[in-house]
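# Chains, contacts and geometry: an overview
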Amino acid sequence: MKALRNFMNKIEPSFRPGGKLAKLESVYDGMETFLFTPNATSRSGVHIHDGNDLKRTMITVVAALVPALLFGMYNIGYQHYLAIGQAHIGWFTMFLYGLLALLPVIVVSYGVGLGIEFISAQIHHKEIQEGFLVTGILIPLIVPINTPLWMTAVATAFAVIFAKEIFGGTGMNIFNVALITRAFLFFAYPSRMSGDEAFVKIDSALGMGSGKVVDTFTGATPLGQVATSVGDPSMTNIVGEPISCLDAFIGFIPGSPGETSMIAILIGAAILLLTGIASWRIMCSVFVGGLGMAALAHALPSATYPASLLDPWTQLCLGGFAFGAVFMATDPVTGARTKTGQYIYGLLIGVFAILIRVYNSGYPEGMMLAILLMNAFAPLIDHCVVSSNIKRRARRAAAKVKED
Amino acid sequence: MATVRLKKGFDINLLGAVGDNAIAKADFPQSVAVVPDDFHGIIPRMEKKEGEHVIAGEPLYHDKNHEAIKVVAPVSGTVKEVRRGERRHIDAIVIIPDGGNECVTHDTKQDAEQLLLQSGLWVMMRQRPYDVVPVPGMKPRDVFVTAFDSAPLAPDLDVVLGDKRQYIAKGVEVLDSLTDGKVRIGIREGQSIDAPKAEVTTFVGPHPAGNTGVQAANTVPVNKGETVWTMDIVTLARIGELFTTGKVSHDTVVAITGEMVQQPRYVSTMMGADLETVLKNELTNVAMSRIISGNVLTGVKVEVNQWLCAPYRHITIIPENNKPDEFMGWASFSPSRFSIYRTFTTWLGGLSKPRSMDCRIKGGERAIVRTDEYDAMLPMDIYGEFLIKAIISGDIDKMEQLGIYEIAPEDFALAEFADTSKLELQRIVREGLDKLRAEMS
């Protein structure tokens, strides 16, 4: 480490004002604080500080996303080889294919997002902040695998600039940046975001896994199938074999890379709750709200709205509901910040997600819109909760005046 | 007697606690200083010049706005230096003791407020709102006195009190005559206070249970337009002593604590004593240490050639930086990197074990991201985070509505320690209080 430290010290002058690379000062500072805990000691206030910082917090969230990421890669390969009729191929080949398919998306997402963050930090002469660490991994997990890379790049740039940087950067945004990326793609290029061709990668990934698609192939997600079904909603996999709720729970269904496996998501949820990063109030109330709304819809089944025929548990296992509940709704920056507010916020996300799914057949997936909607309402919810504290204090003062 | 149980907060357990209650006697100080910054809210106007002789209890300076508020010399001697910093701000008034024990004897029959102002004990008290030295002529609604210090490594105030305990009842009597309400004393379990006129409440729970602000908020909170006084039990006993003997006692017992102390112990010395004398033979490695007059949360950083600051009962010495250039500290799995959060592994080994902690900030300053960090450390019916945001944005109405009158910077000290975003909360609160005070006057 000594050599690295010496190297960093040696190159430092050229990054400082007047140096040749002064334009990259923020990048240097970012690298230095990444490699070495800053030696700065406290100047005012408390003399000791907790060891936790935003880097650690963000990296823990990334760690919680890893199970979903790994399973997502495997599932991309599984769906691909199923589609080209080679479902017997080894799991490692499937994983490798998925890795090669997803890697470019990850590179593009981080490249574009971090690039903009670096430039913005340099313009404002601020430290590079860690917010995009999580966003950068969320984007590949929620964008359909067949989205062209340039679309992902454009959407990421749009989201980072217009949903985050113009509000003041990490910690200041109103809407979840990854969801804005997804929403931008969804509304700008709707034909590429849903239907048969979005979620299963058929062509080869970086030269690997070419083959001919089997005749029975249909790439629609279970939720997509349900939305367009008539009568009893029976779900099938991409080659027409029926699938069960258990398949959806394990994750062998088409969908965005991160969202299919309930198991991988629950491992992530366990990490987030154990480390105390995500609010259990939000997470639990999203599930409660979703379950309640799904049960209500199921109790009043209607052929006009085929999704109402799904039983509530299946409803929660499908689509991005669980992924959104665990990783998106719990984003502390865009969610409600008061404890009471978090219950209301989560509950309404769950309710709206299922409401949109069931009663608006134009959007078979409701989670993204539900979270974005509640992001907008979170400050209002907090305002109401804080107002009750303000009123209590005012009443107390008024009672005191009366007494005297 | 009521008992209040507080759940929020946290007891930080540091290495270097005092082992036993024996009190060693420090040498007579070579110099003694009064540090005006200790008495927030007072603008000094000197009454003594450099070279003049003072006796203990004689005024050194008074407040610009209230001439009656005096700050007195703790010892008899010669004013050696009025040390000034930027913009002629007075950093310290240094007295070289002459060894005599001449001191001012007051007439205890006179008006209580006048006597407190004259004796120099007035400035040892604080008022809410604003956490400043009380404004004379204003009757406080209540007087809040804390009988224990819950801060990390804090001294046992019963030890600091010593035989001054006998004056508590008299002190309560005096303060009771100055307030319309009650003298409310907060004690911890197992303590007892022998003062019939006081309203005693037991507080059970972690730090900051010993803060007067927390005690007030959980018994009779401060409303807009009200004024209360706050102080610790030692100041109360000093007041009792003044009204019994006519003299102010300026000696004090100081706990010398912390990892970098040779042998943590109690030492008896004098208010404002020079640290070179107080810390003789106690320092292990001056270059690597940070000396704090006070506790690690609210104390002030001092050098060894400076003096003991208010509240004159605690010195903590901890390492400045015990892991320079720590490689990728944010990725650490080491249980020695202390964090109260479960993102690190410290909690696996138990958070209550004594730990070594240094002064590194361990992260960059960020916008507030995580929720509930401040509220978990603030046992008051206040939305800490929203109040901090109101202060940062300078929204006076919001600050009032969210309860700024109830708080002091020290109440946010623990939240500042725990803050993932590393904001300087105490500084923010102090600036907010000062701004509000300027607006209201």
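Because the structure is a prediction, the values reported are computed rather than measured.

Counting secondary structure elements, chain B contains 10 helices and 19 strands. Here chain B has a C-alpha radius of gyration of 21 Å; the compact-globule value for 441 residues is 22 Å, and the two agree. Principal-axis analysis of the C-alpha atoms places the extent of chain B at approximately 65 × 50 × 45 Å. Restricting the contact set of chain B to residue pairs at least 6 apart, pairs at least 24 apart contribute 70%.

Here we come to the overall build of chain A. The helix and strand tally for chain A stands at 16 helices and 0 strands. Its C-alpha atoms give chain A principal-axis dimensions of roughly 70 × 70 × 35 Å. The buried share of chain A, taken over its 404 residues, is 51%. Of the contacts formed within chain A by residues at least 6 apart in sequence, a portion of 71% connects residues at least 24 apart.

Residue and element names in this part refer to chain B. Spatial strand order, 4-6-7: 3 strands in an open sheet with antiparallel pairing. At either margin of the open sheet sits one strand with a lone partner, and together these are strand 4 (44-46) and strand 7 (70-72). Going from strand to strand, the sheet's axes swing by 35° on average, the running direction of each strand aside. The pairing of strand 6 (residues 59-63) with strand 7 spans 3 bridges and is antiparallel. The partner of His 62 across the bridge, within strand 7, is Lys 70.

For the rest of this paragraph, the subject is the interface of chain A and chain B. With 49 residues of chain A at the interface, the matching set in chain B holds 59 residues. Going through the elements one at a time, helix 2 (25-35), helix 3 (54-83) and helix 16 (367-403) of chain A are the ones with two or more residues in the side of chain A that touches chain B. With 7 residues, helix 16 of chain A is the largest single contributor of residues to the side of chain A that touches chain B. Its residues assigned to classes, the side of chain A that touches chain B shows 17 nonpolar, 21 polar and 11 charged.

Attention now goes to helix 6 (residues 149-164) of chain A. All names here are of chain A. Helix length check: helix 6 (16 residues) gives 21 Å between terminal C-alpha atoms against 22 Å at 1.5 Å per residue, within 8%. Among the residues making up helix 6, those that are buried are Thr 152, Ala 155, Thr 156, Ala 159, Val 160, Ala 163 and Lys 164. Down the axis of helix 6, the smallest arc covering the buried residues is 130°, so these residues share one side. Those residues of helix 6 hidden inside the fold are in contact with helix 4 (91-124), helix 5 (131-142) and helix 7 (177-188).

Okay, the packing of helix 3 of chain A against helix 11 (residues 262-274) of chain A next. Residues and elements named next belong to chain A. As a packed pair, helix 3 and helix 11 sit with axes 8 Å apart at the nearest point and diverge in direction by 170°. Considered as vectors, helix 3 and helix 11 are oriented roughly antiparallel to each other. Between helix 3, through Val 61, Ala 63, Ala 64, Leu 65, Pro 67, Ala 68 and Phe 71, and helix 11, the contact on the second element is made entirely by Ala 264, Ile 265, Ile 267, Gly 268, Ile 271 and Leu 272. Classifying every residue of the contact of helix 3 with helix 11 by side-chain character gives 12 nonpolar, 1 polar and no charged.

This part covers the pairing of strand 16 (residues 265-270) of chain B. Residue and element names in this part refer to chain B. When strand 2 (residues 23-25) meets strand 16, the two strands line up parallel, connected through 3 bridges. Across the sheet, Ala 24 pairs through a bridge with Val 267, a residue of strand 16. Bridging between strand 15 (residues 251-257) and strand 16 involves 6 bridges; their strand directions are antiparallel. Within strand 16, the residue paired with Asp 251 across the bridge is Met 270.

Taking 1.5 Å per residue, 16 residues should reach 22 Å; helix 10 (residues 425-440) of chain B reaches 22 Å between its end C-alpha atoms and fits that length. Its buried side turned inward, helix 10 of chain B meets helix 7 (384-392), helix 8 (396-401) and helix 9 (413-418) of chain B.

Residue and element names in this part refer to chain B. On domain assignment, one finds that chain B holds domain 1 (2-245) and domain 2 (361-440). If you average the C-alpha positions of domain 1 and of domain 2, the two centres end up 25 Å apart. On the domain 2 side, the residues contacting the 20 residues of domain 1 number 18 residues. Of the residues forming the side of domain 1 that touches domain 2, the biggest block, 3 residues, is contributed by helix 4 (residues 212-217). Of the residues in the side of domain 1 that touches domain 2, the class split is 10 nonpolar, 6 polar and 4 charged.

Once that is clear, we can look at the nonpolar core. Counting 242 residues, the largest nonpolar core has Ile349(A), Ile371(A) and Leu387(B) as its most contacted members. Looking at this core element by element, the count peaks at 14 residues for helix 3 of chain A. A domain split of this core shows at least three residues from each of domain 1 (2-245) and domain 2 (361-440) of chain B. Residue contacts for Leu387(B): discarding those within four places in its chain leaves Ile382(B), Met399(B), Leu402(B), Gly403(B) and Ile404(B).

Time to look at the pairing of strand 9 (residues 90-97) of chain B. Residue and element names in this part refer to chain B. Relative to strand 9, strand 3 (residues 32-34) runs antiparallel, the two being bridged by 3 bridges. Along strand 9, the bridge assignment pairs Val 32 with Ile 95. When strand 8 (residues 77-84) meets strand 9, the two strands line up antiparallel, connected through 7 bridges. By the bridge assignment, Val 82 is partnered in strand 9 with Ile 93. Adjacent in sequence and paired antiparallel, strand 8 and strand 9 are bridged by 5 residues, among which Arg 87 carries a positive phi angle near 50°.

Another aspect to go through is unusual backbone geometry. Residue and element names in this part refer to chain B. Following His 207, the chain continues into Pro 208 via a peptide bond in cis, with omega recorded as 10°. Tracing the sequence through the fold places Pro 208 in the loop between strand 13 (199-204) and helix 4. Look at the link from Ala 310 to Pro 311: it is a cis peptide, with omega at 5°. Inspection of the secondary structure puts Pro 311 in the loop between strand 18 (300-302) and strand 19 (314-319). In this model, Tyr 312 sits at a positive phi of 55°, which is unusual for a non-glycine residue. Note on placement: Tyr 312 falls in the loop between strand 18 and strand 19. For Met 328, which is not glycine, the phi dihedral falls at a positive 45°. Its place among the elements puts Met 328 in the loop between strand 19 and helix 7. Overall, the presence of 12 C-beta atoms within 10 Å leaves Met 328 in the exposed class.

Attention now goes to the sheet that holds strand 15 of chain B. All names here are of chain B. Reading across from one edge, 2-16-15-19-17-18 is the order of the 6 strands in this open sheet, with mixed pairing throughout. Because the sheet does not close on itself, it has two edges, and the strands there are strand 2 and strand 18. Taking the axes of each pair of neighbouring strands and ignoring which way they run, one obtains an average angle of 35° across the sheet. Looking at chain direction, strand 17 (residues 289-293) and strand 18 are connected through 3 bridges and run antiparallel. Following the sheet pairing, Ile 291 is matched in strand 18 by Val 302.

Right, let's talk about the confidence of the model for chain B for a bit. Of the residues in chain B, 100% have a pLDDT of 70 or more, and the chain-wide mean is 93. Scored by ipTM, the complex comes to 0.93, with pTM at 0.93.

Residue and element names in this part refer to chain A. Direction vectors running N to C along helix 4 and helix 5 enclose 145°, while the axes themselves pass 8 Å from each other. When the axes of helix 4 and helix 5 are compared, the crossing they make is right-handed. Across the interface between the two elements, Leu 102, Val 105, Ile 106, Ser 109, Tyr 110, Gly 113, Leu 114 and Glu 117 of helix 4 pack against Phe 132, Thr 135, Gly 136, Ile 139 and Pro 140 of helix 5. Along the lines of polarity and charge, the residues of the contact of helix 4 with helix 5 split into 8 nonpolar, 4 polar and 1 charged.

This next bit is on the environment of Ile292(B). Here Ile292(B) lies in strand 17. Taking the C-alpha atoms as reference points, Ile292(B) and Ile318(B), 26 residues apart in sequence, are found 8.1 Å from one another. Setting aside its immediate chain neighbours within four residues, Ile292(B) contacts His47(A), Gly299(B), Val300(B), Lys301(B), Ile315(B) and Thr316(B).

With that settled, the discussion passes to the environment of Ala24(B). All names here are of chain B. Along the polypeptide, Ala 24 turns up in strand 2. The class for Ala 24 is exposed, based on 12 C-beta atoms found within 10 Å. Sequence spacing of Ala 24 and Val 267 is 243 residues, and the spatial spacing of their C-alpha atoms is 4.7 Å. Dropping the residues within four chain positions of it, Ala 24 is found in contact with Arg 265, Tyr 266 and Val 267.

Calculation criteria
- Residues numbered from 1 in each chain as written.
- Chains lettered and ligands numbered in written order.
- Predicted model: local features only at pLDDT ≥ 70, side-chain atom pairs only at ≥ 80, totals over all residues.
- Helix = DSSP H or I, 4+ residues; strand = E, 2+ residues; numbered from the N terminus.
- Rg over C-alpha atoms; globule rule 2.2 N^0.38 Å.
- Contact = placed C-beta atoms within 7 Å.
- Buried ≥ 20, exposed ≤ 12 C-beta atoms within 10 Å, placed from the backbone.
- Pairing = 2+ DSSP bridges.
- Axes fitted to C-alpha atoms, helices over the stretch in contact; angles between N-to-C directions.
- Nonpolar A, V, L, I, M, F, W, Y, C, P; charged D, E, K, R; others polar.
- Expected span 1.5 Å × (residues − 1).
- Arc of directions from axis to C-beta.
- Parallel < 35°, antiparallel > 145°, perpendicular 65-115°, else oblique.
- Domains from an automatic or database assignment.
- Core = buried A, V, L, I, M, F, W, Y, C linked by C-beta atoms within 7 Å.
- pLDDT = per-residue confidence, 0-100.
- Left-handed = near helix turned anticlockwise from the far one by under 90°.

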